[in-house]
Amino acid sequence: MSAADGRDVGACADGNCEIAVSKPVTFRFKGPAGPATLSVTEVGPNKVEYTIKSGNSQSTGGATGSGQSCITVLRSNGGGNSCSGQGDAARPSPQPDAVVIQTVTSENGTAILRIVSA
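Residues numbered from 1 in each chain as written. Predicted model: local features only at pLDDT ≥ 70, side-chain atom pairs only at ≥ 80, totals over all residues. Heavy atoms only, no water.

### Brief notes about the pairing of strand E7 (residues 78–85)
Test applied: Two strands pair under a simple rule: DSSP has to find at least two bridges between them. Secondary structure elements follow DSSP: runs of H or I no shorter than four residues count as helices, runs of E no shorter than two count as strands, and numbering proceeds from the N terminus.
Here strand E6 (residues 68–75) runs beside E7; their pairing, made up of 8 bridges, is antiparallel. What sits directly across from Ile71, in E7, is Ser82. Hairpin connection, E6 to E7: the antiparallel pair is bridged by 2 residues.

Right, here's the structure in full:
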């Protein structure tokens, strides 16, 4: 899998990016309630775990297995997670007044992160 923005975490600052990560990394991005932080805490073959902090809320997620994906939706009043085997793991659609974060596992130990803002 290749990512539109390569491995450039700086591309995520505006709340819209698609990057590949193969080791733990932390970066800031524009969230619905101000600055937010995404920390990839573990990444490996068919595995990714992460924590997102936005305002006073924190959300954690993770996926294990081939083609697994997690989606976290951040809103100014909170957020939520869902994880599943999405098969195609297509880029999520923007949602009004929200930031959507998607993580996708891969067999080669590189996870794809997508951040989508309206």
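That covers the picture; the talk isn't over yet.
### With respect to the sheet that holds strand E4 (residues 47–54)
Rules: Every angle, taken between N-to-C directions, lies between 0 and 180 degrees, and every axis is a line fitted to C-alpha atoms, over only the stretch in contact when it is a helix.
In space, the 4 strands of this open sheet follow the order E2-E3-E4-E5, with antiparallel pairing throughout. For this open sheet the edge positions go to strand E2 (25–31) and strand E5 (57–64), each flanked by a neighbour on one side alone. Taken over all neighbouring pairs, the strand axes of this sheet differ in orientation by 20 degrees on average, direction set aside. The sheet contact formed by E4 and E5 spans 8 bridges and is antiparallel.

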